[in-house]
Amino acid sequence: MSEPNTSPLSERHVVDAILLLNECGQVKESDFHRFGSNYATAAKIGRKLVRMGVADTYAEFGGHITRYYAITSYGRRVAKLLEEANFIITGELREDDEVEAVSYTHLRAHET
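Let me begin by describing the structure that accompanies this report. (Residues numbered from 1 in each chain as written. Predicted model: local features only at pLDDT ≥ 70, side-chain atom pairs only at ≥ 80, totals over all residues. Heavy atoms only, no water.)

To continue, consider the packing of helix 1 (residues 14-24) against helix 3 (residues 73-90). One way to put it is that helix 1 packs onto helix 3 with a least axis distance of 9 Å and a crossing angle of 115°. Judged by the inter-axis angle, helix 1 sits roughly perpendicular to helix 3. The handedness of the crossing between helix 1 and helix 3 is left-handed. Contacts between helix 1 and helix 3 involve Val15, Ile18, Leu19 and Asn22 from the first element and Gly75, Arg76, Val78, Ala79, Leu82 and Glu83 from the second. The residue inventory of the contact of helix 1 with helix 3, partitioned by class, reads 6 nonpolar, 2 polar and 2 charged. (Axes fitted to C-alpha atoms, helices over the stretch in contact; angles between N-to-C directions. Helix = DSSP H or I, 4+ residues; strand = E, 2+ residues; numbered from the N terminus. Parallel < 35°, antiparallel > 145°, perpendicular 65-115°, else oblique. Left-handed = near helix turned anticlockwise from the far one by under 90°. Contact = heavy atoms within 4.5 Å. Nonpolar A, V, L, I, M, F, W, Y, C, P; charged D, E, K, R; others polar.)

In structure tokens:
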């Protein structure tokens, strides 16, 4: 559970789960097992995502119940911002980033 003034993004596995959902669009609850070792952890992650509004959930019945999570448009926006933050922190260039070659003289001119 989040403490007051604590971002839900700081909770365990939430960022990884949002990025997984963004990549796949929809996942089974059991796909969250990669972040935790048991069913209770997977279910907890899914409930967090729904409470945050980044995922919707539904179940299919056929012999047993399979719970799915699908990313919302809000979730896609959050995931995009998380990916942007990662690029900034790691210093990686994205495909749409442009690098412009400039001369050493040009760089020195900006120092004065």
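Moving on to the nonpolar core. Across soluble globular proteins, nonpolar side chains show a tendency to be buried alongside one another. Within the largest apolar cluster, 18 residues are counted, with the highest numbers of intra-cluster contacts made by Ile18, Leu21, Phe32 and Leu49. Secondary structure elements with two or more residues in this core: helix 1, helix 2 (39-52), strand 3 (64-71) and helix 3. Looking at which element gives the most residues to this core, the answer is helix 1, with 5 residues. Excluding residues within four positions of it along the chain, leucine 21 makes contact with Gln26, Val27, Leu49, Ala55, Tyr69, Ala70 and Ile71. (Core = buried A, V, L, I, M, F, W, Y, C linked by side-chain atoms within 4.5 Å. Buried < 20%, exposed > 50% of the residue type's maximum accessible area, 1.4 Å probe, protein only.)

The next subject is the pairing of strand 2 (residues 55-62). In this sheet, strand 3 lies alongside strand 2 in antiparallel orientation, the contact comprising 8 bridges. Bridge pairing in strand 3 links alanine 55 to isoleucine 71. (Pairing = 2+ DSSP bridges.)

Per the counting criterion, the structure on display carries 3 aromatic pairs. On the basis of an interplanar angle of 15° and a centroid distance of 5.3 Å, the ring pair of tyrosine 58 and tyrosine 68 is categorised as stacked. Taken together, the residues tyrosine 58 in strand 2 and tyrosine 68 in strand 3 connect sequence positions 10 residues apart. Of the residues examined, tyrosine 58 reaches a relative accessible area of 31% and is grouped as partly exposed. Using a relative accessible area of 12% as the deciding quantity, one classes tyrosine 68 as buried. Counting every residue linked through ring pairs, the aromatic cluster contains Phe32, Phe35 and Tyr69. (Phe/Tyr/Trp six-rings, centres within 6.5 Å; stacked < 30°, edge-to-face > 60°.)

Moving on to the environment of glutamate 23. Topologically, glutamate 23 is positioned in helix 1. On a C-alpha basis, the gap between glutamate 23 and isoleucine 71 in space is 9.5 Å, while along the polypeptide they are 48 residues apart.

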